[in-house]
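Report on the structure
Spelled out, the chains give:
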Amino acid sequence: QVQLVESGGGLVQAGGSLRLSCGASGSIFSLNTMGWYRQAPGKQRELVAGITSGGNTNYDDSVKGRFTISRDNAKNTVYLQMNSLKPEDTAVYYCNVRFRLSRQYEYWGQGTQVTVSS
């Protein structure tokens, strides 16, 4: 079984920064994609940023230039550096890992709250 444990959420003023971390443990195939999603009240969960084990990244347009995703493959850990935070970034942020063997495997963290005050 795979477990994802997130940390780093909290309350910050607009313009501030936070860094989220997510450590993965268990049986994870080395070729995988890790990512961060978020879900605001009344809205659907959306992809914020993703990164492959090879280091390729993608971002939602709303966070480009402000957020940076990175990972440490040796530690199976993914990070999300969030700068210039806006009130609309307020959401529960979820870590995700997925990989394919004989089928697709996908796992989620429990979520961490990020609140940006204006």
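What comes next concerns the included structure. (Residues numbered from 1 in each chain as written. Predicted model: local features only at pLDDT ≥ 70, side-chain atom pairs only at ≥ 80, totals over all residues. Heavy atoms only, no water.)

Looking only at helices and strands, the protein chain features zero helices and eleven strands. Against the compact-globule benchmark of 13 Å for 118 residues, the protein chain has a radius of gyration of 14 Å, which places it among compact chains. Oriented by its inertia axes, the alpha-carbon framework of the protein chain measures out at about 45 × 25 × 20 Å. Buried residues in the protein chain amount to 42% of all 118 residues. For the protein chain, contacts bridging at least 24 residues in sequence account for 53% of all contacts bridging at least 6. Accessible surface for the protein chain amounts to roughly 6300 Å². Of this, 46% is attributable to carbon and sulfur atoms. Put simply, the protein chain has 12 plus and 8 minus side-chain charges, and the middle of one group is 4 Å from the middle of the other. (Helix = DSSP H or I, 4+ residues; strand = E, 2+ residues; numbered from the N terminus. Rg over C-alpha atoms; globule rule 2.2 N^0.38 Å. Buried < 20%, exposed > 50% of the residue type's maximum accessible area, 1.4 Å probe, protein only. Contact = heavy atoms within 4.5 Å. Areas by Shrake-Rupley, 256 points an atom, 1.4 Å probe, with all protein chains shown as cover. Lys, Arg positive; Asp, Glu negative; His and termini not counted. Charge placed at Lys NZ, Arg CZ, Asp CG, Glu CD.)

Right, let's get into the pattern of salt bridges. Counted under the stated rule, the structure contains four salt bridges. Note that Arg66 and Asp89 form a salt bridge whose closest N and O atoms lie 2.8 Å from each other. Note that Arg66 is positioned in the loop between β6 (57-59) and β7 (67-72) and Asp89 in the loop between β8 (77-82) and β9 (91-100), a separation of 23 residues in sequence. (Salt bridge = Lys/Arg side-chain N within 4 Å of Asp/Glu carboxyl O.)

All right, on to the state of the cysteines then. Note on terminology: a disulfide is the covalent bond linking the sulfur atoms of two cysteines. Tallied over the entire structure, the rule returns one disulfide. One disulfide in the model links Cys22 with Cys95; its S-S distance is 2.1 Å. Measuring handedness by torsion sign, the sulfur bridge of Cys22 and Cys95 sits at about -85° and is left-handed. Of this pair, Cys22 sits in strand β3 (residues 18-25) while Cys95 sits in strand β9, and the two are 73 residues apart along the sequence. Accessibility classification places Cys22 together with Cys95 in one group, the buried group. (Disulfide = S-S within 2.5 Å.)

Every other side chain in a regular strand lies on the same face of the sheet, so the side chains alternate between the two faces. Strand β4 (residues 33-39) sits mainly inside the fold: six of its seven residues count as buried. As paired elements, β4 and strand β5 (residues 46-52) share six bridges and run antiparallel to each other. Bridge pairing links Arg38 to Glu46 in β5. The pairing of β4 with β9 spans seven bridges and is classified as antiparallel. Directly across from Trp36, in β9, lies its bridge partner Cys95. (Pairing = 2+ DSSP bridges.)

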